[in-house]
Every structure is written in structure tokens, then in C-alpha cells.
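Inside the fold
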Amino acid sequence: TGLLNHAGSITNATATATGDLAISANIGTNVTSIVQSSAASKTVLSGTNIAFTGGIIVNAGTLEISGGAAIGPTVSALTVKGGATLSLVNTAGQFHNLGAGVIELGTGAGTSTLALELGTLAAYDGFSSSSAAISANNVTLNLTAVAGFA
């Protein structure tokens, strides 16, 4: 509960951690990025407002953003390395324009996985960037229907 709004990143970097890092607090705009680097555990962000401005970096393991239905993040860069998973399944359907931020998928060993939602033309998960995307290896899309998907 409360607000997590420190200046800097939220990082799960413990390589040997086996428990999940669950953050149910709202996340404020002073947070500059979310970094998931633990292959043995996942980070779950479930607050109603996940208003950080910065990058989403998934080097290993799983980052699940199941909150943010009221206010989602302003994403400036997206990295999901090979073997890592990003899940945006939160029943809200959020589109993120990264501006000139880079989208990097699948670099490193293994398959990147993106769990996204499809709904109406106004409610779906997605990312766009004016920069060239970087991709390697395989990228798996796990798609979930939300209200309005036909």
C-alpha cells in the first residue's frame, strides 16, 4: 500500500532468489525504470497506478505488470532478452508510444515472450517507436482477448 516514488529504478537482480517480488503499491513518476534480472523469480506490479516514466528491461525471468488499469507507465524503451517474459495482461489494454526509444526483443540466448491483450481499436496492448527495432532469435506472443475483441 502507499506510494513507491523514489528517484531511480526498481530492480529485481538477485540471481538466486526463488520467491517473487510482488509490489502492490502505486508507483510514481520519479521511478525511472523497471528492471527484472532474476531468472529464478518474477516481479509482479499490481498497483492501480503504475505511473513511472522510463524503460522496461527484462533481462531474465518474468516481469508481470498486472496493475496500471487507472494510470499506466510512460515507457521510453523496451528490452525483453532471450529467455525472458514480459506480461502486460491487466484487462486494461494499454498502448505505449516509445517516441524514439528502442524496442529490443530476443537478444541473447533463448526465446523472448510477450503476453499481450487484444480488444477494440481503442483498448489493446502494444508498443510503437520511431526507431528501428532490434530482434534476434525467437519471439513468442501470448495473446489474450479483452472486452470488445471479436
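Report follows, based on the coordinates.

What counts and how
- All residue numbers here refer to positions counted from 1 along the written sequence of the relevant chain.
- Local features in a predicted model are, by the rule used here, given only for residues with pLDDT of at least 70; side-chain atom pairs are given and counted only at 80 or more, and totals for whole chains, interfaces and linings are based on all residues.
- The side-chain values count all of the structure's non-hydrogen atoms but skip hydrogen atoms and water molecules.
- For salt bridges, the criterion is a side-chain nitrogen of Lys or Arg within 4 Å of an Asp or Glu carboxyl oxygen.
- Each helix is a run of H or I in the DSSP string that is no shorter than four residues. Each strand is a run of E no shorter than two, and both are numbered from the N terminus.
- Partly exposed describes any residue whose relative accessible area lies between the buried limit of under 20% and the exposed limit of over 50%, with all areas from a 1.4 Å probe on protein chains only and scaled to the type maximum.
- Strand pairing follows a simple DSSP-based rule, namely that at least 2 bridges must link the two strands.
- Only the stretch in contact is used when a helix axis is fitted, and all axes are lines through C-alpha atoms; the angle between N-to-C directions ranges over 0 to 180 degrees.

**A look at the pattern of salt bridges**
- Taken as a whole and assessed by the stated rule, the structure comprises 2 salt bridges.
- Note that E64 is salt-bridged to K42, the shortest N-O span being 3.3 Å. Here the residue E64 occupies a position in strand β8 (residues 62-65), and K42 occupies one in strand β6 (residues 42-45), the gap between them amounting to 22 residues.
- Relative accessible area serves as the criterion here: at 25%, K42 is assigned to the partly exposed category.
- Residue K81 is joined to E104 by a salt bridge in which the shortest nitrogen-to-oxygen separation is 3.1 Å. One end of the pair, K81, is in the loop between β9 (74-80) and β10 (85-87); the other, E104, is in strand β12 (residues 103-105), with 23 residues separating them in the sequence.
- Since its relative accessible area comes to 16%, E104 is described here as buried.

**Focus: the sheet that holds β12**
- Strand order in this open sheet of 6 strands is β2-β5-β7-β9-β12-β15, and the pairing throughout is parallel. Two strands bound the open sheet, and with one partner strand each, they are β2 (8-12) and β15 (134-135).
- Sheet analysis places strand β5 (residues 31-36) next to strand β7 (residues 53-58), joined by 4 bridges and oriented parallel. Bridging from a neighbouring strand, V35 pairs with I57 of β7.

**As for the sheet that holds β8**
- Reading across from one edge, β3-β6-β8-β10-β13-β16 is the order of the 6 strands in this open sheet, with parallel pairing throughout. The open sheet has two edge strands with one neighbour each: β3 (21-23) and β16 (139-145). Each adjacent strand pair in this sheet contributes to an overall mean axis angle of 10 degrees, direction not counted.
- Across 4 bridges, the pairing between β6 and β8 is parallel. The partner of L45 across the bridge, within β8, is I65.

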